[in-house]
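Architecture and fold: a report
Spelled out, the chains give:
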Amino acid sequence: MSKKFAIIFLALLILSVVPMVNAQDDSNYTIAFVPGVNPDPFYITMASGVNQAASDLGVTIIQQDPERFDVTVSAPIIEALIARGDIDALVTAPNDRAQSIPVLQEAYDAGIPVITVDTFIGDGNYADGEVTFPLSYIGSDNTQGGYIACAALADALGEGAKIYIQNVRPGISTTDQREDGCEAAAADRGLEVVRIDYNDNSADTAQQQTSAVLQANPDITGIFATNTFGALGAGSAIENAGSGGRGASRAVRCLGREHRLPA
């Protein structure tokens, strides 16, 4: 599912929630929206969709943005929203498929319908899977997305090329699946995954890790980053490596952009 379609679907799903929340004398329902992290271009776009839908439907949105993509940051925000006593539904991007369950269960037990967006908890099968209390999950096929990205690297680099994966940390549904999809494409298309690193959603950490890996493995010609911060850090590392060299003699491709490195 494309991001644009996911945002449209989110608006429709908010509309479906309105009749399901507790009956009130007026129709101005209050829906809490807790994205994964801010700032992040994807969640900024998602917030635009949420707020546009709220405006169209006459729904009040209370948006609380975690400063880090971390359960220890998002859970207290959600707990505070639950404690308000006036939240009719919760739309959120869980930070961890396991560690986010308790606070979302708390919201559900308080009578607040839960919708997860972009990321999911458990195995994401809310009908009969590991966790069934959320109302719905809206997101992309991230395994397929990772496969497509690394298949594109294979097309650009050829069989036998060595690639590096920059990921966030284990336990996040989207980036776990993107890593899995990339590894599957690498196996199918003859790429060698030299290493996988986890940057904990820090572009600075991703830059440091990528710089070290490129120095230790000069034959890497492709990098797949599973999210924005990894891509920014990896791209900076590649450009820094090429900025003071003796002329470009090889290229590293990161998310479709070619970066030149010194010989």
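Here is a short report on the structure shown in this document. (Residues numbered from 1 in each chain as written. Predicted model: local features only at pLDDT ≥ 70, side-chain atom pairs only at ≥ 80, totals over all residues. Heavy atoms only, no water.)

A look at the overall build of the protein chain
A count of helical and extended segments in the protein chain gives eight helices and 10 strands. In the form shown here, the protein chain has an accessible surface area of approximately 12,000 Å², with 49% of it arising from carbon and sulfur atoms. (Helix = DSSP H or I, 4+ residues; strand = E, 2+ residues; numbered from the N terminus. Areas by Shrake-Rupley, 256 points an atom, 1.4 Å probe, with all protein chains shown as cover.)

As for helix α2 (residues 41-57)
Taking 1.5 Å of rise per residue, the 17 residues of α2 would be expected to cover 24 Å, and the 25 Å separating its terminal C-alpha atoms lies within 8% of that figure. Backbone nitrogen of Phe42 and a side-chain oxygen of the N-cap are separated by 2.9 Å at the start of α2; the cap is Asp40. Positioned one or two residues after α2, Gly58 has a phi angle of 70°, which is positive. (Expected span 1.5 Å × (residues − 1). Polar contact = N/O pair within 3.5 Å; in protein donor to acceptor, adjacent residues only side chain to side chain.)

Some points on the pattern of salt bridges
Applying the stated rule across the entire model yields seven salt bridges. Note that Arg189 is salt-bridged to Asp155, the shortest N-O span being 2.2 Å. A residue pair is termed long-range when its members are at least 10 positions apart, and Arg189 in helix α6 (residues 173-189) and Asp155 in helix α5 (residues 142-157) qualify at 34 residues. For Arg189, a relative accessible area of 31% translates into the label partly exposed. For Asp155, a relative accessible area of 57% corresponds to the exposed category. Across the salt bridge formed by Arg195 and Asp197, the nearest N and O atoms sit 2.9 Å from each other. We classify Arg195 as partly exposed; its relative accessible area is 43%. (Salt bridge = Lys/Arg side-chain N within 4 Å of Asp/Glu carboxyl O. Buried < 20%, exposed > 50% of the residue type's maximum accessible area, 1.4 Å probe, protein only.)

Considering the state of the cysteines
As used in these notes, a disulfide is a covalent bond between sulfur atoms, one from each of two cysteines. Taken as a whole and assessed by the stated rule, the structure comprises one disulfide. The disulfide partner of Cys150 is Cys182, and the gap between their sulfur atoms is 1.8 Å. Here Cys150 and Cys182 share a disulfide; its torsion about the S-S bond, -80°, makes the bridge left-handed. Here Cys150 is found in helix α5, whereas its partner Cys182 is found in helix α6, with 32 residues between them in sequence. (Disulfide = S-S within 2.5 Å.)

Structural notes on the packing of helix α3 (residues 71-84) against helix α4 (residues 101-109)
Between α3 and α4, whose axes approach to 10 Å, the crossing angle comes to 10°. Considering the angle they form, α3 stands roughly parallel to α4. Contacts between α3 and α4 pair Ala75, Ile78, Glu79 and Ile82 from the former with Val103, Leu104, Glu106 and Ala107 from the latter. (Axes fitted to C-alpha atoms, helices over the stretch in contact; angles between N-to-C directions. Parallel < 35°, antiparallel > 145°, perpendicular 65-115°, else oblique. Contact = heavy atoms within 4.5 Å.)

Interpretation in functional terms is not warranted from these geometric data alone.
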